Amino acid sequence: MGCDEVNGEPQRPRERFLVFGAPAIGEAEVEEVVASLRSGWLGTGPKVARFEDDFRKYKGWGHAVAVNSCTAALHLSMLALPLAAGDEVITTSLTFCATVNAVIHAGATPVPVDVDPQTMNLDPGQVAAAVTPRTRAILPVHFVGRPCAMDDLRAIADEHGLALVEDCAHAVEASFHGRPAGTFGDFGCFSFYVTKNVVTGEGGMVLARSEDHAARIKVLALHGMTRDAWRRFSDEGYRHYYVTEVGFKYNMMDLQAAIGIHQLARVEPSWERRREIWERYDEAFAGLPLETPAPAEPETRHGLHLYTVLVDEARAGVSRDAFLERMTWHNVGVGVHYLCLAEHPFYRHEFGWRPQDYPHATRIGRQTVSLPLSAALSDDDVTDVIAAVERSLEG
Ligand SMILES: Cc1ncc(COP(=O)(O)O)c(C=O)c1O
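Presented here is an overview of the structure given in this document. Model, not experiment: these values are computed from the prediction. (Residues numbered from 1 in each chain as written. Predicted model: local features only at pLDDT ≥ 70, side-chain atom pairs only at ≥ 80, totals over all residues. Heavy atoms only, no water.)

A look at the nonpolar core
Here's step 1: Residues Met78, Leu81 and Phe187 are the most contacted members of the largest nonpolar core, which totals 30 residues.
Here's step 2: Taken together, the elements giving at least two residues each to this core come down to strand S3 (63–67), helix H3 (70–80), helix H4 (97–105), strand S6 (135–139), strand S7 (163–167), strand S10 (187–191), strand S11 (204–208) and helix H7 (211–220).
Here's step 3: Of all the elements, H3 adds the most residues to this core, at seven residues.
Here's step 4: Sequence-distant contacts of Met78, defined by excluding residues within four places in its chain, comprise Leu83, Val89, Ala102, Val103, Ala106, Leu139 and Val165. (Core = buried A, V, L, I, M, F, W, Y, C linked by side-chain atoms within 4.5 Å. Buried < 20%, exposed > 50% of the residue type's maximum accessible area, 1.4 Å probe, protein only. Helix = DSSP H or I, 4+ residues; strand = E, 2+ residues; numbered from the N terminus. Contact = heavy atoms within 4.5 Å.)

As structure tokens, this is what we get:
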């Protein structure tokens, strides 16, 4: 296991388990949550409205609607396009299941294509080749925070009259040629899940180009009702609501927005801290038998969400799964983002997707390991992660 030994016993580099993706929570978040609890109003209300406003200003574009997850944001975006049965949505084969599940829940068919092996993002050539008369939208994922080639994807969408919806779950801070992620198409969908760059516990945001789309999403996110619940019960007096269509229970609570407001206020210093950690990893791993992330493309800003290394057993002398186990033994939490979608039984059986049809995504999914990258990591934590990686590669 490649460890120092004391009295013949292998020693771990750290005593306490380092939780993968544990967020950096400040006192401001704690105080705001407590204030929410004391206010008597926990549900959707003024803090959600403020968080939406802050987010829209941060992005400088569109209309923001807060929801309770990126999964909900993706689902509502697909419904609002709208999609019909038989419509196809081209997306990446290397993503979290939520990306394609949103398409399926909207009654349409996801069409995954292989990724570029360097960027791990949608390969525009593959996207162009997958367009059919049934294609309705392109759904790129800015994978691990690296922005997709939005100029090429926008051009394909324009050529064929397709909608563009960006899955920005990893990419709050990312930009491509000076333009922020989530502002290239009809909708940008963001995640504030516990491990993300900005967290609210569970949470998400839709950034919509059109005011009408944003209004429809707001209605769909709360049962299809015409008024937000907090307006129903506000001090203006009780207001009746009317159900105009069958919606969902996808609204964000003030309790969540209370965290998000302060997380968003610190988004840039948190990104800077992750950049420092990223650079330490790049330097420490340069000589190791691992593949480290490719540098960011010119004129882009990487969201630096996940630092992933590829463990190729032939080169590293250890399998990816053994490496995961060794890291855990060394008290360092790790992740896998993600197995190729075609590895999952549901999609194989339902759609006939086969791993061999996505060779790059399949190889990456079988070799990838995500290392801790939270802004909450101390310099000593980073040193421990580096030591654990080195030891996990030793025979
Ligand atoms: C690429 C991608 N899309 C969507 C999601 C779903 O986000 P949420 O957990 O907020 O629903 C995730 C979550 O990890 C993700 O990684």
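Examining the sheet that holds strand S8 (residues 175–176)
Here's step 1: If you walk across this open sheet you meet the three strands as S9-S8-S12, and the pairing is antiparallel. Looking at the sheet topology across the chains shown, the edges are occupied by strand S9 (179–180) and strand S12 (300–301).
Here's step 2: Judged from the two bridges that link them, S8 and S12 form a sheet pairing that is antiparallel. In the strand pairing of S12, Ser175 is matched with Arg301. (Pairing = 2+ DSSP bridges.)

Section: the side chain of Glu29
Here's step 1: Topologically, Glu29 is positioned in helix H1 (residues 27–39).
Here's step 2: The class for Glu29 is buried, based on a relative accessible area of 1%.
Here's step 3: Filtering out sequence-adjacent residues up to four positions away, Glu29 remains in contact with Ala24, Ala258, Ile259, His262, Gln263 and Arg266.

Observations regarding the pairing of S6
Here's step 1: By the criterion of burial, S6 is predominantly enclosed, with four of the five residues buried.
Here's step 2: Of the strand pairs in this sheet, strand S4 (residues 88–92) and S6 are connected by four bridges, and their pairing is parallel. Along S6, the bridge assignment pairs Val89 with Ala137.
Here's step 3: Pairing analysis gives two bridges linking S6 to S7, with the strands arranged parallel. Looking across to S7, one finds that Ala137 is bridged to Ala163.
Here's step 4: For the crossover from S6 across helix H6 (residues 150–160) to S7, the handedness is right-handed. (Right-handed = clockwise from strand over helix to strand, strands pointing away.)

Observations regarding the pairing of strand S13 (residues 307–310)
Here's step 1: Alternating positions in S13 separate into two faces, Tyr307 and Val309 on one and Thr308 and Leu310 on the other, with burial throughout.
Here's step 2: By the bridge criterion, four bridges tie S13 to strand S14 (residues 368–371) in an arrangement that is antiparallel. Bridge pairing in S14 places Leu310 opposite Thr368.

Some remarks on the site of the ligand
Here's step 1: Near the ligand you find 17 residues, and of these Thr71, Asp167, Ser191, Lys196 and Tyr338 are the closest.
Here's step 2: Interatomic distance of 2.9 Å between a backbone N/O atom of Cys70 and an oxygen atom of the ligand.
Here's step 3: Between an oxygen atom of the ligand and a side-chain N or O atom of Tyr338, the distance comes to 2.5 Å.
Here's step 4: In isolation the ligand offers 390 Å² of accessible surface; the protein chains occlude 93% of this area.
Here's step 5: The leading source of residues in the shell around the ligand is H3, at three residues. (Near = heavy atom within 4 Å. Polar contact = N/O pair within 3.5 Å; in protein donor to acceptor, adjacent residues only side chain to side chain. Areas by Shrake-Rupley, 256 points an atom, 1.4 Å probe, with all protein chains shown as cover.)

Things to note about the environment of Phe143
Here's step 1: Tracing the backbone through its elements, the reader meets Phe143 in the loop between S6 and H6.
Here's step 2: When its relative accessible area of 1% is taken as the criterion, Phe143 is described as buried.
Here's step 3: In this structure the C-alpha to C-alpha distance between Phe143 and Cys97, which are 46 residues apart in sequence, comes to 13 Å.
Here's step 4: Setting aside its immediate chain neighbours within four residues, Phe143 contacts Leu94, Met120, Asn121, His170, His337 and Tyr338.

Observations regarding the sheet that holds strand S5 (residues 109–113)
Here's step 1: With respect to topology, seven strands assemble into an open sheet ordered S3-S11-S10-S7-S6-S4-S5, the strand pairing being mixed. Each edge of the open sheet carries a strand with a single partner, namely S3 and S5. The average undirected angle you get between the axes of adjacent strands in this sheet is 25°.
Here's step 2: Here S7 pairs with S10 via three bridges, running parallel. Residue Asp167 lies in a different strand from S10, and its bridge partner there is Cys189.
Here's step 3: Seen against the sheet, H7 touches S3, S10 and S11 and runs at an angle of roughly 15° to S3. (Axes fitted to C-alpha atoms, helices over the stretch in contact; angles between N-to-C directions.)

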